[in-house]
Structures are given as C-alpha cells and as structure tokens.
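# Examination of the molecular architecture
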Amino acid sequence: MSLLNEFRFIRPETTAQAVTALAGSTDTRVLCGGTDLLPNLRRGLVSPGALVDVSRLESLQQISWEDDRLTLGAAITLEELANEPRLNRHFPALVKAILSVAGPSHRAAASLGGNLCQDTRCIFYNQSDWWRRSNDYCLKYRGELCHVMPKGDRCYATYHGDIAPVLMALGAQIDIIGPGGSRRLPLDGLYQENGSHHLSLEPGELVSTIILPRHVQWHSGYEKVRVRDAIDFPLAGVAAALRREGDTLAQLRLVVTGTNSIPIRVDLSQLEGGTWSDEAAEEMAKAIRKAVNVLKTTVTGPKYRRRVVMAMAKRLVSQLWQQAA
Amino acid sequence: MKKQLISLRVNGRDREDAVADNMLLVDYLRDQLGLTGTKQGCDGGECGACTVLVDGRPRLACCTLVQSVDGCSVETVESLSHNGRLSALQQAFHEKLGTQCGFCTPGMLMASEALLRQNPDPDVDAIKGALAGNLCRCTGYVKIIESVQSAATNREIAP
Ligand SMILES: Cc1cc2nc3c(=O)[nH]c(=O)nc-3n(C[C@H](O)[C@H](O)[C@H](O)COP(=O)(O)OP(=O)(O)OC[C@H]3O[C@@H](n4cnc5c(N)ncnc54)[C@H](O)[C@@H]3O)c2cc1C
Ligand code: SF4
Ligand code: FES
Ligand code: FES
C-alpha cells in the first residue's frame, strides 16, 4: 500500500484560496505536476502536512502574447508549451530546453513553475531512506554533516533545472503571489546560493507567472550534457543569449545550470563592445571557472563538469555569433 | 485517515471511490481496483513501468496522486484487449518479440498507445522519443521499436 506519509490534499478554486491554504501552516507545500515532489515524498525527503494542488487553477494556465512580451502561467505543462507553435518560432532555445526535460510522460504533467522551483539534487540526497539512514543522513535533511563538504557550513546540493537558465538568459521576470499581494522580480531573484534553501519564496508564496521580453535582435541557445541522452537531468547545462552589431559583440548573457545551488549567471560585461575571438572565448572560460562551484554532487566528477561547461559555452557562443552574422 | 470521494472513469467505466489523500494512482489501480497490469518498477519516476493514460496522455501513476485525477479518464493496459483478443499493438509486441520478461511491457504499451493515437505513422526517432522514459532490462529496445513500427503499419491496413 501507499508508502507516503499522511498529508491533506487541498484543491483550491482560486489563487487567493491557494495562498490562504499555503499561508496557514509552514508545512504546507505547493503541488503541481508532482514529477519532482512526489518522488521526493516517496523517498521521505519531505513530509508536508498538506499539499495544495495548483495544477488546475485557471489563472495559472494563461498564455498571452503581446507586442513586447509573452506571459506564461506557472501551471502550464511542459507538453503544452512544447506544442505551442509560436513559442518555437520566437524562443527556439526555450523549446529546446523544455524538450530536454525528463521524458514525455513526465512532461505531460510537469509544469513550468514546478520546473523553476524544483528541489536541488545531490548523490547523497536523492536516495532511498534506508540508504541515507545508513549514511547518517546529511545536512540538507535530517542530518548534521555535509558529505560533499564535511567542513562546510551549508548544503551544496546543485540546481539541475533546464529551463531557468534559458529564461534568465532571455531576461525573464516572474510574478510571485502571497499573503502580502503580488511582487514582480527578475527570475534571478527567485534563487539563493544555499542547497537546502535555494528559493527566496516566503511562507505562503507561489510563483504565478513568467514574463518574457520579446526582443528580435537576440540570438539564444541551450546545451546540456547528461549521462543518458534519452532522458536525464543535466550534469551541466549552458544557456546563452547574445546581440551582435556588425563585428561587435554588443551584449552577451550566459547562465550555467548543474554546477551551483542556483542557476548561476556569469558576468561577461567585460566582453561587450569587443568582438568574438579566441581570446574572448578564453576570457569567457576564465570568468566561468571563477563563477561556478562544481563539487562532488553528481555521479560524474567535478573536473569533467567544470571542463565540459567551458567547452559547451565556447561552442554555443561561437554558434550564436555565426548565426547572428 | 479521512477519505474523500472522487469520481473518475477507469477503462471506460465511470466510478466513484473513497480514497485517502495520500494515495498514489498506482496503488489505487493495483490495490483498490485489482488492476495489477500497471507495474511499479522503481521508487518513483525513473522507469516508466507505471505508465497509464490520463485523458489520453501518458502519465506516471507512481508520481500521481489519485486525488489529482478526480474527474479524469484513466486507461490502463487492461483496456487494450477486447473480448480476450489482443489489440494490434499488443499483437505486434507478441509477434516481434517486443516483450521478454514482460515487466516493462504494460508501460511500453501505454506509452506507445499514446504515441500512435497522436501520430499513427511515427518514424524511429518519434518512437524513441515517446519511449524515452520507459526502461527495459531485457530486450535492448530494438525489438520494442520494431514492434511499434509493425503495429503502426497494421493499424493502417486494418482500422
Ligand atoms: C526521471 C526524471 C527525470 C527528470 N529530468 C529532468 C530534467 O532533465 N530536467 C529538469 O529540469 N527536470 C527534470 N526532472 C524533474 C521534474 O520532472 C521537472 O523539473 C518538472 O518540470 C517539475 O514540475 P512539476 O510541475 O512536476 O513540479 P512539482 O513536483 O509539482 O513541484 C516541484 C517543486 O516546486 C514547487 N512548486 C511547484 N509549482 C510551484 C509554484 N507555482 N510556485 C512555487 N512553488 C512551486 C513544489 O512545491 C515542489 O517543491 C526529472 C524528473 C524525473 C523523475
Ligand atoms: S551537498 Fe551535502 S548537505 Fe547537501 S545534499 Fe549533498 S551531502 Fe547533503
Ligand atoms: S514505477 Fe513509476 S516510473 Fe518507475
Ligand atoms: S521485457 Fe523485461 S524489462 Fe522489458
């Protein structure tokens, strides 16, 4: 029979009801597609008192195209997004990232908001309860020590979402609703560098919408490496967006996933105004090396992941630079 | 634990059932309804053995609360055969050796069924994409892909 601890299942009719239910108690969690939360529940990694199912809230299902922006509800499924023909035309990098998330039977349920808010991951964490118990658990949940950084004072579990880096490279903002009303912030602001508290959401808050600016002159792309190409989280992934003016690299944004507890933005402003060259690529690699913090949180060692991020970034930016010519 | 009443359709029959809030769809199907065709092959989300259709789309019954399919139509592998006769897809898995130990087969069938309803003539890449979340320890996948291809051809001949 069911392996899950007991909890209450709440299906609110409105987002206001959802917020009230969430704000009522600190051990109440949002449930959307469940493809991240339910495996974690099964492994005893969370034990909420109640789940608030937001997957059918109509206000979180909207897609709206305006001249200068695209607004997406947080509960839209990845399958629906991938089937939206205009999305592929205007944001091919986003669709590529979406289609690289899990498998089709996950994507039929998985939501955009759930993807952004998915838990961080670690080889010492995404394990069964008996496995973790025999290892004295760990700092992220129930334990005292981090097995990755035994001398560290925080959890270094890594963020492995595929979609956030692309949205960040595209300059996305999000709306968060909660007991205090609604606030809008750059997607970057959702994340904080702490593997056991990687989201900046306050109690009672949820992500309601994602807002993407529509600028035609940008070229963007996404690359990931994984153990199994058919289906897997990224060991590391790189999203880039650039604007080229003649031989000048006018703007370049780069965001890396799978290396830190957040999707990490690499500051490359020093390259803007120059041109794209081997030297620029080397400088970018240096900046990436400084920004990422790859530790032993995945089955593949840190050295490989650090090097593959730099290689992917060089290849991707070179491609985009060519495309933009 | 308190139970709540849900109404849903399972394999074409409307039902009402009292279920616990924390019950997974896979446990509801297997333990409450006795539909043991749907398999549980991993501790959550990794293998696809539990794939069923919810409103026609493939979903993992082990990562789905039964409460969240209230009002939906659920189809399991038991719905494929009619009056004891295998469907064209099942027949193809049988003839092309797409099934060996058989544990992954219900999930493979339901994921393929979802594909063929949407795309009756899939190429190999489309089949691989549709089955990306379904693991098989026996066949090496080649025979599974051939089975789906063969079923697609047969569907076209005999509707
Ligand atoms: C085998 C397997 C492979 C996977 N591969 C990938 C992969 O390659 N790339 C990838 O990115 N993901 C992958 N995933 C993870 C997961 O499937 C996706 O991240 C999915 O998009 C999660 O969405 P969901 O709606 O199912 O989230 P849920 O499981 O419903 O929720 C995930 C988390 O987000 C919170 N949440 C959900 N919605 C909101 C909201 N609107 N506001 C605030 N909090 C919210 C929940 O409380 C929960 O903590 C994989 C999962 C499995 C099981
Ligand atoms: S990084 Fe350390 S504390 Fe965090 S999940 Fe891994 S072992 Fe646990
Ligand atoms: S039992 Fe559902 S994916 Fe393995
Ligand atoms: S036939 Fe044995 S697992 Fe696929």
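Small disclaimer: the values here were computed from a predicted structure and weren't measured.

With that settled, the discussion passes to helix H2 (residues 88–95) of chain B. Residues and elements named next belong to chain B. Within the span of H2, buried status applies to Leu89, Gln90, Ala92 and Phe93. For H2, the buried positions fall inside an angular range of 160° around the axis, keeping them on one side. For H2, the exposed residues lying more than 90 degrees away from the buried face are His94 and Glu95. Of the residues one or two after H2, leucine 97 is the one with positive phi, at around 60°.

With that settled, the discussion passes to the site of ligand 1. All names here are of chain A. By nearness alone, 32 residues border ligand 1, and Val30, Thr35, Leu37, Ser111 and Asp162 come closest of all. Within the backbone of serine 100, one N or O atom sits 3.5 Å away from an oxygen atom of ligand 1. Coverage of ligand 1 by the protein amounts to 96% of the 990 Å² it exposes when considered alone. Only strand E2 (28–31), helix H7 (112–117) and strand E8 (206–213) provide two or more residues apiece to the shell around ligand 1. Here the shell around ligand 1 gets 4 residues from one element, more than from any other, and that element is H7. The class makeup of the residues in the shell around ligand 1 is 14 nonpolar, 13 polar and 5 charged.

Tallying the contact residues gives 32 residues for chain B and 29 residues for chain A. Across the chain B/chain A interface, buried area totals approximately 2,600 Å², and carbon plus sulfur atoms make up 53% of it. Where chain B meets chain A, there are 2 salt bridges. Salt-bridge contacts for glutamate 79 of chain A lead to arginine 57 of chain B; the nearest nitrogen and oxygen are separated by 2.7 Å. Put simply, chain B and chain A have 10 residue pairs in polar contact (both at pLDDT 80 or more) between them. For the side of chain B that touches chain A, the elements supplying multiple residues, two or more each, are helix H1 (25–32), strand E4 (57–60) and helix H4 (124–130) of chain B. Sorting elements by how many residues they give to the side of chain B that touches chain A places E4 of chain B first, with 4 residues. In terms of residue class, the side of chain B that touches chain A is built from 14 nonpolar, 10 polar and 8 charged.

Calculation criteria
- Residues numbered from 1 in each chain as written.
- Chains lettered and ligands numbered in written order.
- Predicted model: local features only at pLDDT ≥ 70, side-chain atom pairs only at ≥ 80, totals over all residues.
- Heavy atoms only, no water.
- Buried < 20%, exposed > 50% of the residue type's maximum accessible area, 1.4 Å probe, protein only.
- Helix = DSSP H or I, 4+ residues; strand = E, 2+ residues; numbered from the N terminus.
- Arc of directions from axis to C-beta.
- Near = heavy atom within 4 Å.
- Polar contact = N/O pair within 3.5 Å; in protein donor to acceptor, adjacent residues only side chain to side chain.
- Areas by Shrake-Rupley, 256 points an atom, 1.4 Å probe, with all protein chains shown as cover.
- Nonpolar A, V, L, I, M, F, W, Y, C, P; charged D, E, K, R; others polar.
- Contact = heavy atoms within 4.5 Å.
- Buried area = accessible area lost by both parts, 1.4 Å probe.
- Salt bridge = Lys/Arg side-chain N within 4 Å of Asp/Glu carboxyl O.

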